[in-house]
Amino acid sequence: MFNNSLKKEALSIHEKALKEYNQSYQRMTDWAETLYTHRVEAENQIKKIELVINSVANTPKEYDTKMGNVRQQLINFRKTREYAQEAYDAAAKAGKNIAGGAAAGLGVAAMAPTALMGIATTFGTAATGTAISALSGAAAQKAAVAWLGRTFASFAVTGGTAGMAAGNAFLALAGPVGWGITAASTGVSLITMTNKNKEIADKAVSEAKEIIKARGSLDESATKILHLSMRTTAIAKQLPIERIESFMNADYKNLSGEDQYFLGQTVDLVETLSVLLNETVS
């Protein structure tokens, strides 16, 4: 009566959309964290192989170019990790959430550092210019929020209050907490109640549509993250560390044709793997 059933149905739709969104959000962040773990393992693997390759005498000139590219990729990955950590520390120290209070008070400090690293290295790269660690006070906090904001802004849904809420929730790293649906107030006239119920129903459906759109973006990103993780592990598995370490301090000229081919293949795989350390999801 008085649009009450309409309101209940709309709120049910909204609740279902929100639940499914949160499930997708959790899956995406879990996969991003897994990708980060694989990348750190790959980074360590690359460093071991780099040490071996650099110890081999009389290697072809192209090895220098390729291993130079590998070193740069390692530097870029380290810079992104360091910048993400600085942004995390500065934002957490500020005692504010990244969305400026728009996501029910859940901020960057609510997310585990490894989870943040997973998201940051999946979607963002190190910023250029002054490092956060070189700044202090409000300037450091502003730089941290700006970088984290740019990193997560791709999730924002355009249009409407719900879209803004989705973007803010992402920036707060906490999912869509605090969407704007509220229960109907009491102590009002029957006519007001009727209109209020319809207003709530309309808003619930509108927000549900925005949540579903946001979930679609999440699922698309999650799929890309999974594929990137699979590519990373697939290449890493093609690099048998024990055999590679057997070439430590070897002379390339004294190697068999088979061993020279293996070493060249290893250099190519390591270069490819190093590039994947910094590939971002858009």
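Preceding this paragraph is the structure being described.
A. Local environment of the packing of helix α1 (residues 4-55) against helix α3 (residues 113-123). Where α1 contacts α3, the axes come no closer than 8 Å and their chain directions differ by 85°. One way to sum up the angle between α1 and α3 is to call them roughly perpendicular. Taken together, the residues of α3 that come into contact with α1 (itself represented by Met 28, Thr 29, Ala 32, Glu 33, Leu 35, Tyr 36 and Arg 39) are Thr 114, Ala 115, Met 117, Gly 118, Ile 119, Thr 121, Thr 122 and Phe 123. By residue class, the composition of the contact of α1 with α3 is eight nonpolar, five polar and two charged.

B. The arrangement of the packing of aromatic side chains in detail. For the structure on display, the rule yields three aromatic pairs. Geometrically, the ring pair formed by Tyr 63 and Tyr 252 is edge-to-face, given 5.9 Å between the ring centres and 80° between the ring planes. Of this pair, Tyr 63 sits in helix α2 (residues 61-94) while Tyr 252 is found in the loop between α7 (241-245) and α8 (257-277), placing the two residues 189 residues apart along the sequence. Look at Phe 247 and Phe 262: their rings are 5.7 Å apart centre to centre, the planes differ by 25°, and that puts the pair in the stacked class. Placement of Phe 247 in the loop between α7 and α8 and of Phe 262 in helix α8 is noted, with a sequence separation of 15 residues between them.

C. Expanded view of the pattern of salt bridges. For the structure shown, the criterion picks out 13 salt bridges. Between Arg 27 and Asp 219 there is a salt bridge; the shortest N-O distance is 3.0 Å. Of the two residues, Arg 27 sits in helix α1 while Asp 219 sits in helix α6 (residues 190-236), which places them 192 residues apart along the sequence. Residue class for Asp 219 comes out partly exposed when judged on its relative accessible area of 24%. One salt bridge connects Lys 66 with Asp 268, and the closest N-O pair in it is separated by 2.5 Å. With Lys 66 in helix α2 and Asp 268 in helix α8, this pair connects stretches of sequence that are 202 residues apart. Of the residues examined, Lys 66 reaches a relative accessible area of 24% and is grouped as partly exposed.

D. Quick peek at the side chain of Ser 55. Here Ser 55 is to be found in helix α1. Leaving out residues up to four positions away in the same chain, Ser 55 has contacts with Phe 247, Met 248, Asn 249 and Ala 250.

E. Molecular detail of the environment of Ile 212. Mapped onto the fold, Ile 212 is located in helix α6. For the pair Ile 212 and Glu 20, spaced 192 residues apart in the sequence, the C-alpha separation amounts to 8.5 Å.

The rules behind the values
Residues numbered from 1 in each chain as written. Predicted model: local features only at pLDDT ≥ 70, side-chain atom pairs only at ≥ 80, totals over all residues. Heavy atoms only, no water. Axes fitted to C-alpha atoms, helices over the stretch in contact; angles between N-to-C directions. Helix = DSSP H or I, 4+ residues; strand = E, 2+ residues; numbered from the N terminus. Parallel < 35°, antiparallel > 145°, perpendicular 65-115°, else oblique. Contact = heavy atoms within 4.5 Å. Nonpolar A, V, L, I, M, F, W, Y, C, P; charged D, E, K, R; others polar. Phe/Tyr/Trp six-rings, centres within 6.5 Å; stacked < 30°, edge-to-face > 60°. Salt bridge = Lys/Arg side-chain N within 4 Å of Asp/Glu carboxyl O. Buried < 20%, exposed > 50% of the residue type's maximum accessible area, 1.4 Å probe, protein only.

As far as function goes, none of this settles anything; it's purely spatial.
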